[in-house]
Structures are given as structure tokens and as C-alpha cells.
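Observations on the model geometry
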Amino acid sequence: MRPCAGAVRQLQMERRCPGAVSVERASWAMACDAIGFARDGPSFMHIDLRDLRLFIHIAESKSLTGGAERSHLSLPAVSARVKELESQAGVRLLYRAPRGVALTPAGQSLLQHARIILGQIEHMKSDLQRFGEGVQGHIRVFANTTAVTEFMPEVLATFLAGHPQVDVDLQERLTAEIVRGVLDGTTDLGIVSGAVDADGLEKHHFSTDRLILAVAPGHPLAARASVCFADMLDYDYIGLHEGSTLQTFVNGLMRNVRHRLHIRVQVSNFESVCRMVEAGVGIGIVPESAALRHSRTMKIVAKPLDESWALRERYVLTRRGDSLPSFTQALIDTIMAHPGHLKSRG
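Here the structure is a predicted model, which means the values were calculated and not measured.

**Concerning the overall build of the chain**
- A count of helices and strands for the chain gives 13 helices and 11 strands.
- The 346 residues of the chain split such that 41% are buried.
- When contacts within the chain are restricted to residue pairs at least 6 apart in sequence, long-range pairs at least 24 apart make up 71% of them.

Below you can see the structure in the form of C-alpha cells.
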């Protein structure tokens with residue numbers, strides 16, 4: 001019986017670079033465990049990680065030609081690799097058309113897993129490189145806008161001073177991305193505000209915050225004891241940049257009312273929102289903690305929002321069942337012990 005083409009290529013690769021192949025096999029074995037493939041028997045897919053990268057390139061360029069160019073391969077070689085990948089999977093992965101290709105449902109699933117697998121491998125390489133440079137720990141944190149701009153700078157200053165050989169990768173993400181990142185292991189910790197689906201998660205409550213409306217002292221709404229969202233619709237609004245957690249939340253609120261806020265200006269942070277409000281450009285929703293801090297140096301008035309969604313609980317998220325390294329637990333403890341958070345918990 002003649003060996004299949006994939007087996008021949010595998011043997012040739014082993015002869016040329018056995019060390020690299022062993023790493024490739026180990027990485028793929030871990031990936032199979034992560035997504036539920038058996039590592040032996042007829043159901044095991046012997047897929048080269050380079051084929052996963054190729055598949056991502058094809059999906060992103062929506063053509064075999066584009067995938068070939070990005071992967072620096074010939075078109076016949078790409079076509080052969082895709083056919084073998086489909087043979088290994090036992091399903092069609094691409095719909096082929098004269099103007100390009102589209103992913104089948106199975107192809108969409110493979111694309112999702114391929115991105116996770118290759119992303120984790122890149123994170124592994126980065127983490128191991130840091131250890132080689134003397135770093136003893138690395139923590140990745142996905143957090144919402146409030147966390148990144150309001151309290152994490154002070155929290156990290158305290159934490160890193162006590163843990164000089166631990167690095168932290170802090171990234172601003174939307175709530176849905178934070179939850180997904182914790183669940184799939186892309187991030188070690190997530191920091192969110194408001195209600196989240198706790199299935200598969202451990203939620204560590206660390207503070208309570210409230211959204212308020214910031215207005216200039218002479219603004220018509222400044223005389224109100226409190227303000228409803230509907231009261232804001234007749235006035236120019238200062239929003240955050242698209243993609244920020246709070247702006248995404250406000251956009252969702254606008255979908256539930258007949259009239260939309262007139263977003264006059266969009267800025268990158270809460271300080272800029274408050275400066276625009278002080279200048280009379282418009283009004284803006286910000287966390288109470290941000291309004292209190294900036295009101296010390298700016299002439300703004302913080303008006304309570306008479307809405308149930310204005311009160312927000314803050315949580316650190318971890319994946320349920322995970323055993324956290326001591327330095328990761330130490331970061332959670334530092335967040336919990338932050339003076340502003342202790343005060344908000346009463």
C-alpha cells in the first residue's frame with residue numbers, strides 16, 4: 001500500500017527538520033485537546049499548522065489566489081492543500097465560484113478554531129520569550145473603558161511595584177469580547193461592569209459604580225434633580241469613540257427609543273468628554289467616579305440618571321475551575337483592595 005501524499009510530506013519534513021516537526025506535532029496535539037479532536041484513531045486530523053494559517057489567509061482574502069499570495073505559495077499548491085484539508089475533515093470547507101470562495105458552515109467553524117489555536121501559539125511564544133528574558137510571570141487582562149482609564153493605572157502601579165518580574169498586557173475590549181476571551185483562554189482575567197452571563201465564569205465583585213450625566217453649570221438640565229435618558233434626546237451629546245464599551249452601550253439604548261441622540265463630537269476618554277461638556281459643546285454620560293475626579297479641576301455638574309441601568313456592579317472574571325498562579329491572584333487582590341473600591345463596597 002502506497003502512503004498518502006500527506007504522510008510522504010510529513011516524512012520528508014521529519015528528515016529535514018525533526019526538531020521543528022516535534023514542536024509542530026506537540027502544538028497540534030494541544031490544539032486537538034482544546035477543540036475536542038481525538039489525537040489517535042480514525043478521527044484524528046493530521047493538519048499542519050501552516051495549513052491553518054493558509055486557510056485563514058484564504059478566508060480573509062475570499063479567494064485562493066489571495067491566499068496563495070499572502071502565504072507565498074503557488075496557486076496549484078494552495079488548491080492541493082485545501083483539497084487535502086477537506087479530505088482530512090471529511091466535509092467541504094469552501095464554496096468555489098468564478099469570483100472567489102466563500103466559507104461553508106464547517107469552514108466558518110474551522111476558521112474560528114484556527115484563529116484561536118494560532119493566537120494561543122503566538123501568546124505561548126511571547127510568554128516563553130519573556131521568561132527567557134528574566135520575567136517570572138505574565139498576565140493578560142481584557143477590560144472595559146472605565147477600568148482601563150479610571151482605576152487600572154493606579155492598581156497596576158501598586159501591583160507592579162510589588163511584583164517587578166511580572167508583566168501585564170492590558171487591552172481595552174467590549175464586554176462580549178472580554179467574556180469570550182476569558183472562556184476560551186485568550187485572556188487570564190476580564191474586568192466588566194453590569195450584568196454578564198456567568199455560565200462557565202467565576203465573578204469576583206470588587207466595586208459598585210453609577211453612570212451620571214455631566215452637564216455645564218448653565219445647561220437647562222443642570223437645574224433638574226435627576227435626568228432620564230429621554231430628557232437627553234433634545235441636546236447635543238459628547239460620545240466616546242466607536243468600539244468603546246460605554247459608547248456601544250449608549251448605542252444600544254438609542255435603538256430602544258424613537259429619537260436618537262445627536263452625537264456632536266466623539267472623543268477617546270472621559271477627561272475629554274468632561275472638557276467638552278465644560279466648554280458647552282454638549283452633554284455626556286460618564287461614570288460617577290470619573291465625574292467626581294474631573295469636577296475638581298473642571299466646571300461641570302454631575303446629574304443622577306433616573307434609570308435602572310445607571311447602577312453598575314463591577315466584576316473581575318476568571319474561568320471557572322482554573323487554578324490561578326499566585327501572581328494572578330495577587331493582581332485580583334490588588335484590584336479588590338484599591339481604596340476607591342473598598343469605599344464603594346461600604
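**A short note on the packing of aromatic side chains**
- As enumerated under the stated definition, the model contains 3 aromatic pairs in all.
- Plain terms: the ring middles of F151 and F206 are 5.6 Å apart, the flat faces sit at 65° to each other, and that makes the pair edge-to-face. Remark: F206 occurs in strand β6 (residues 201-215) and F151 occurs in helix α7 (residues 145-162); sequence separation between them is 55 residues.
- Accessibility expressed as a relative area gives 0% for F206, which makes it buried.
- Summarising the aromatic geometry, the rings of F229 and W309 are spaced 6.2 Å apart at their centres and angled 80° between planes, so their arrangement reads as edge-to-face.

**Focus on the pattern of salt bridges**
- Summed over the entire model, instances satisfying the criterion amount to 13 salt bridges.
- Between E86 and R96 there is a salt bridge, and its shortest N-O distance comes to 3.2 Å. Of the two residues, E86 is situated in helix α5 (residues 75-89) and R96 in strand β1 (residues 94-97); the sequence distance between them amounts to 10 residues.
- Here the salt bridges share partners, and the residues they tie into one network are E60, R70 and R115.

**Some details on the pairing of β1**
- Pairing of β1 with strand β2 (residues 100-103) involves 4 bridges; the strand directions are antiparallel. From the neighbouring strand, R96 faces β2, where its bridge partner is V101.
- Counting the residues that bridge the hairpin from β1 to β2 gives 2 residues.

**So, the pairing of β6**
- Both β6 and strand β11 (residues 311-319) contribute to a ladder of 9 bridges, which runs antiparallel. By the bridge assignment, L201 is partnered in β11 with R319.
- As defined by bridge partners, β6 adjoins strand β9 (residues 284-287) across 4 bridges and the pair is classed as antiparallel. Within β9, the position partnered with L211 by the bridge is P287.

**Some points on the packing of α7 against helix α12 (residues 326-337)**
- One can describe the packing of α7 onto α12 by two numbers: an axis separation of 10 Å at closest approach and a directional angle of 130°. The pairing of α7 with α12 is recorded here as oblique in orientation. For the crossing formed where α7 meets α12, the hand is right-handed. The residues of α12 that touch α7, namely those facing M152, V155, L156, T158 and F159, are F327, A330, L331, T334 and I335.
- Residues that form the contact of α7 with α12 fall into these classes: 8 nonpolar, 2 polar and no charged.

Cut-offs applied
- Residues numbered from 1 in each chain as written.
- Predicted model: local features only at pLDDT ≥ 70, side-chain atom pairs only at ≥ 80, totals over all residues.
- Heavy atoms only, no water.
- Helix = DSSP H or I, 4+ residues; strand = E, 2+ residues; numbered from the N terminus.
- Buried < 20%, exposed > 50% of the residue type's maximum accessible area, 1.4 Å probe, protein only.
- Contact = heavy atoms within 4.5 Å.
- Phe/Tyr/Trp six-rings, centres within 6.5 Å; stacked < 30°, edge-to-face > 60°.
- Salt bridge = Lys/Arg side-chain N within 4 Å of Asp/Glu carboxyl O.
- Pairing = 2+ DSSP bridges.
- Axes fitted to C-alpha atoms, helices over the stretch in contact; angles between N-to-C directions.
- Parallel < 35°, antiparallel > 145°, perpendicular 65-115°, else oblique.
- Left-handed = near helix turned anticlockwise from the far one by under 90°.
- Nonpolar A, V, L, I, M, F, W, Y, C, P; charged D, E, K, R; others polar.

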